[in-house]
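The primary structure of each chain is shown beneath.
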Amino acid sequence: MTRRGTALLAVTALLAAAFAALPAAEAGADEVEQVRNGTFDTGTEPWWTTSNVTAGLSGGQLCADVPGGTANRWDAAVGQNDITLVKGESYRFSFKASGSPEGHVVRAIVGLQVSPYDTWYEVSPQPTPSGDGYSYTFTSPVDTAQAQVAFQVGGGADPWRFCLDDVSLLGGVPPEVYEPDTGPRVRVNQVAYLPDGPKNATLVTAATTKLPWRLRNAGGRTVAHGWTVPRGTDVSSAQNVQSIDFGAYRGHGKDFTLVADGETSRPFDIGAGAYERLRLDSLKYYYTQRSGIAISDALRPGYGRPAGHLGTAPNQGDTNVPCRPGLCDYTLDVTGGWYDAGDHGKYVVNGGIATWELLSTYERSLHARTGRSGKLGDGTLALPESGNKVPDVLDEGRWELEFLLKMQVPDGQPLAGMAHSKVHDAQWTGLPLLPSDDPQKRELHAPTTQATLNLAATAAQAARLYRPYDRAFASRALTAARKAWAAALAHPEVYPDPDDGTGGGAYPDTDATDEFYWAAAELYLTTGEKQFADHVLGSPLHTADIFASLGFDWGRTAAAGRLDLATVPSGLPGRDKVLRSVTKAADTYLATLKSEPYGMPYAPDGNRYDWGSNAQILNNAHVVATAYDLTGAAKYRDGAVQSMDYLLGRNALNVSYVTGYGEVSAHNEHSRWYAHELDPALPNPPSGTLAGGANSGIQDPYAQSKLRGCVGQFCYIDDIQSWSTNETAINWNAALAWMASFVADQG
Ligand code: 9MR
């Protein structure tokens, strides 16, 4: 087919007069075609194919015979190289495609034509035999003369035929204005409020004076009513909002709605049942993140998959992993553990805080006034280990702990006792990619003080929690923790290289005093030894205000130590002051929650939402909940419970950030194996998976193309390409599990 026939040219001429009044950008005056011979008028040059694809002209289009039996999308492809892109410029990427038989996915990308093959834009349509036209707009995140447009058509079991025409990459088009669909203006927790808990909602409205609201039950009958409270412009969303407090209503049931200003909210329950489910689902997430073991479809219907990284081709395996060049001359078996997030990397630093919060979910159930350890007992999580008389949450935690222990530098080596920071692929891989299909070389990265202390802290915590179930493991863990502690003291300032981010995340951190404090606290709580008490009491962090708006996460771990010193019984001198520091921090978070019209205990500096802000909100709520556990004061319980509302739908985007919870929930989180958005044969993330959430940094190109200029809460998009706003991660789900378990206990 030739590009745009004469009829279209005539229309263009007519429209030109109408466009004359528009600014140049909108009229597309500078639109420049970047693809050469996208219409295949002059043969197939300069298009290339991989050697396993036979392509030629057929009826004015390019048709390719694609072999079956390849593993990855990029194992068979058609493309064109040497395209120039200008950073910040907006492009329209369009093409016509057909495929037969039906059911095959095409990964159409704009990316770097040489290693490491960065992908700046990608879509994955499923062309039909009769063919369709596709058109997308994106903004280039780079300046380059080495871009390629490619259609990756591999990864299928059976051969198929793919035809392509009118491929265009038009520069200078106006950027697409992205408008999220935010649904009804009454924002509620779409999952559930507790019958005797706080019940708050937020109304987005132009009105500045109070308005009536009504609470309706499933039958549509009004069961409560009252007046909204005008709150002015909310900083976190730039919306004019009002708040609704219907906490006086104490009934329970399903499918309530809240009506105000002519809008009806999404439905919600009043009852605790959903939190009992969420407590378990958020913990069940970890089994499907496991490396080095086949995931049983019987235990997780729809999620069964072969084991990853056990050395079965095409995996190179974690069975015998060397260091990065020049770092060490041994190899380690580092099989097992959890994949960190949507990538196949395994990181001791993030694995540490995730393990701590998971084990703390269990440890809280032993000590807190409302804790119920039976709810986390054997048989609760449908694991391969269920039935072994060990609480399932401890079985799950042990899967990671065994991996963390394997990351320790062996005796006799120069840095014996330290922990390697991470193991991951030598190069970044594309999506989708099952763990078992990852062909990359795996490498151990340099040991760091922070990783070593993550190992010391979690292994020490494990030593006290697993002791009743497995004395041998508890003592092995404590030995490793002591060894790690000694190694960290000997190498106190060996920090991760912030540029070590090829093939995996860098987790940069230039301070280990917080990890020292945390590890000392755990070692003290387990052993009671004076050397560790001395370190705790001598640390400047012991009395510092460590609970800021960005309170704790993988890089700020002092709070983990402080919270455990406050909640795990010990004879620490001055322990009452430790308790007071937690309630003082909780009071600050409560003040934030009250001043936020969306009711979350989080107001980042300059309204710059952090990477993984959802977990920050949960971790701040964790501090408030701990204040309740310590004091029994209702204000802390209510504040902690109310914090869940934001995560479950009471937010500017009207989305529940937990997959499978709420009428509209995040379900396209960035993951190489829950990549349903890219391959219909793969599942979405399992129910109970938390999305990272609003991130003002919008580091990924997809978010940049949609969200540039976004305000706070709006810096989020539920698309698999948005790794900076929509990833799933083991540390974030641990924050969810801890809080879900707390709230379930309040029911
Ligand atoms: O959650 C991490 C965030 O705090 C960091 O700023 C960011 C950059 O280092 O990395 C995030 O963690 C990612 C890690 O590097 C690689 N696996 C996926 C993690 C979640 O996005």
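For every chain, the first residue of its written sequence is number 1, and the numbers climb from 1 along that sequence. Where local features are concerned, this predicted model is filtered to residues with pLDDT of at least 70; where side-chain atom pairs are given and counted, the filter is 80 or more; whole-chain, interface and lining totals use all residues. The side-chain values count all of the structure's non-hydrogen atoms but skip hydrogen atoms and water molecules.

Remarks on the packing of helix α4 (residues 348-367) against helix α10 (residues 558-567)
Part 1 of the argument: Between α4 and α10, whose axes approach to 12 Å, the crossing angle comes to 15 degrees. As far as their axial angle goes, α10 and α4 are roughly parallel. Crossing hand, α4 versus α10: left-handed. The residues of α10 that touch α4, namely those facing Ile353, Trp356, Ser360, Glu363 and His367, are Ala560, Leu563, Asp564 and Thr567.
Part 2 of the argument: Lys, Arg, Asp and Glu make up the charged group, whereas Ala, Val, Leu, Ile, Met, Phe, Trp, Tyr, Cys and Pro make up the nonpolar group; the residues left over, Gly among them, are polar. Of the residues that constitute the contact of α4 with α10, the class distribution is four nonpolar, three polar and two charged. Lines fitted to the C-alpha atoms define the axes, with helices restricted to the stretch that makes contact. Angles between their N-to-C directions range from 0 to 180 degrees. In DSSP terms, a helix is any run of H or I states spanning at least four residues, a strand is any run of E spanning at least two, and both are numbered starting from the N terminus. Angle categories are assigned with fixed cut-offs, so that under 35 degrees is roughly parallel, over 145 is roughly antiparallel, 65 to 115 is roughly perpendicular, and the rest are oblique. Take the far helix as your reference; a near helix turned counterclockwise from it by less than a right angle gives a left-handed crossing, and one turned clockwise gives a right-handed crossing. Contacts were defined at the residue level, with two residues in contact if any of their heavy atoms lie within 4.5 Å.

A few points about the nonpolar core
Part 1 of the argument: Counting 145 residues, the largest nonpolar core has Tyr275, Leu565, Met644, Met739 and Phe742 as its most contacted members.
Part 2 of the argument: When residues in this core are grouped by element, the largest group, twelve residues, is from helix α15 (residues 730-746).
Part 3 of the argument: An automatic or database domain assignment is the source of the domain bounds shown. When we break this core down by domain, the ones giving at least three residues each are domain 1 (5-20 + 179-273) and domain 3 (288-511).
Part 4 of the argument: If we skip the residues at most four places from it in the chain, Phe742 touches Arg364, Ala625, Tyr628, Asp629, Arg637, Ala640 and Val641.
Part 5 of the argument: Ranked by size, the runner-up nonpolar core spans 40 residues in total, among them Val78, Ile83, Val167 and Tyr702. Residues grouped as a nonpolar core are buried Ala, Val, Leu, Ile, Met, Phe, Trp, Tyr and Cys residues, joined through side-chain atoms within 4.5 Å. Summary of the burial criterion: residues with accessible area below 20% of their type's maximum are buried, those above 50% are exposed, and those between are partly exposed, where the area comes from a 1.4 Å probe applied to protein chains only.

Here's the deal with helix α3 (residues 273-288)
Along an α-helix, a turn takes 3.6 residues, which lines up residues three or four apart on a common side.
Part 1 of the argument: To estimate how far a helix should extend, the number of its residues minus one is multiplied by 1.5 Å. For α3, spanning 16 residues, the distance from its first C-alpha to its last is 24 Å, which sits close to the expected 22 Å at 1.5 Å a residue.
Part 2 of the argument: Among the residues of α3, Ala274, Tyr275, Leu278, Arg279, Asp281, Ser282, Leu283, Tyr285, Tyr286, Tyr287 and Thr288 are the ones counted as buried.

Quick notes on the sheet that holds strand β7 (residues 107-112)
Part 1 of the argument: A pair of strands is treated as paired once DSSP finds two or more bridges between them. The strand order β2-β5-β10-β7-β8 describes an open sheet built from five strands, whose pairing is antiparallel. Edge strands, defined here as strands with exactly one partner in the open sheet, are β2 (48-49) and β8 (119-123).
Part 2 of the argument: Where β7 and β8 come together, four bridges link them in antiparallel fashion. Across the sheet, the residue bridging to Gly111 is Thr119, located in β8.

A look at the sheet that holds strand β26 (residues 422-425)
Part 1 of the argument: If you walk across this open sheet you meet the three strands as β24-β26-β27, and the pairing is antiparallel. Unpaired on one side and paired on the other, β24 (346-347) and β27 (442-444) mark the two borders of the sheet.

Section: the packing of helix α7 (residues 471-490) against helix α8 (residues 513-527)
Part 1 of the argument: α8 packs onto α7 with a crossing angle of 145 degrees between their chain directions and a minimal axis gap of 11 Å. Here α7 and α8 pass one another in a crossing that is left-handed. Of the residues in α8, those in contact with Leu478, Ala481, Arg482, Trp485, Ala488 and Leu489 of α7 are Phe516, Ala519, Ala520, Leu523, Thr526 and Thr527.
Part 2 of the argument: Split by residue class, the contact of α7 with α8 holds nine nonpolar, two polar and one charged.

Topic: unusual backbone geometry
Part 1 of the argument: That bond from Glu45 to Pro46 is cis: its omega, -5 degrees, falls within 30 degrees of zero.
Part 2 of the argument: Structurally, the position occupied by Pro46 is in the loop between β1 (32-33) and β2.
Part 3 of the argument: Going from Ser100 to Pro101, the amide bond is cis rather than trans, its omega being -5 degrees.
Part 4 of the argument: In this structure, Pro101 sits in the loop between β6 (90-100) and β7.
Part 5 of the argument: Phi at Asp166 takes a positive value of approximately 50 degrees, unusual for a residue other than glycine.
Part 6 of the argument: If you trace the backbone, Asp166 turns up in strand β11 (residues 160-171).
Part 7 of the argument: One non-glycine residue, Tyr507, lies in the positive phi region at around 45 degrees.

Quick look at the domain arrangement of the protein
Buried accessible area, meaning the area lost when the parts come together, often serves as the stated size of an interface.
Part 1 of the argument: For the protein, the domain assignment lists domain 1 (5-20 + 179-273), domain 2 (32-171) and domain 3 (288-511).
Part 2 of the argument: Distance from the C-alpha centre of domain 1 to the C-alpha centre of domain 2: 41 Å.

A look at the site of the ligand
Part 1 of the argument: Surrounding the ligand, one finds Asp340, Ala341, Asp343, Tyr347, Gly505, Tyr507, Pro508, Trp554, Trp611, Glu727 and Trp732.
Part 2 of the argument: The term polar contact refers here to a pair of N or O atoms within 3.5 Å; inside protein, the definition further demands a hydrogen-donor-capable atom paired with an acceptor-capable atom, and it admits residues adjacent in sequence only when both atoms are side-chain atoms. Between the ligand and Trp611, the relevant distance is 3.4 Å, taken from an oxygen atom to a side-chain nitrogen or oxygen of the residue.
Part 3 of the argument: Here the residues of the shell around the ligand sort into seven nonpolar, one polar and three charged. Working definition: residue near molecule or strand if any one of its non-hydrogen atoms lies within 4 Å of it.

Brief notes about helix α13 (residues 634-647)
Part 1 of the argument: In terms of burial, α13 is a largely internal element, eleven of the 14 residues being buried.
Part 2 of the argument: Here α13 has its buried residues at Tyr636, Arg637, Gly639, Ala640, Val641, Gln642, Ser643, Met644, Asp645, Tyr646 and Leu647.
Part 3 of the argument: Phi turns positive, to about 135 degrees, at Gly649, one or two residues after α13.

So, the pattern of salt bridges
Part 1 of the argument: The rule for a salt bridge is simple: a side-chain nitrogen of Lys or Arg has to be within 4 Å of a carboxyl oxygen of Asp or Glu. Under the counting rule described, the total for this entry stands at 38 salt bridges.
Part 2 of the argument: Where Asp745 meets Arg364, a salt bridge forms, and the shortest distance between an N and an O atom there is 2.8 Å. Here the residue Asp745 occupies a position in helix α15, and Arg364 occupies one in helix α4, the gap between them amounting to 381 residues.
Part 3 of the argument: Relative accessible area serves as the criterion here: at 7%, Asp745 is assigned to the buried category.
Part 4 of the argument: A salt bridge links Lys483 to Asp411, with the shortest nitrogen-to-oxygen separation between them at 3.0 Å. Here Asp411 lies in the loop between α5 (392-406) and β25 (419-420) and Lys483 lies in helix α7, a separation of 72 residues in the sequence.
Part 5 of the argument: Lys483 sits in the partly exposed class, given a relative accessible area of 34%.
Part 6 of the argument: Note on Asp411: relative accessible area 55%, which makes it exposed.
Part 7 of the argument: A single network of salt bridges, built from pairs that share partners, joins Glu276, Arg279, Arg364, Arg372, Lys375, Asp629 and Asp745.

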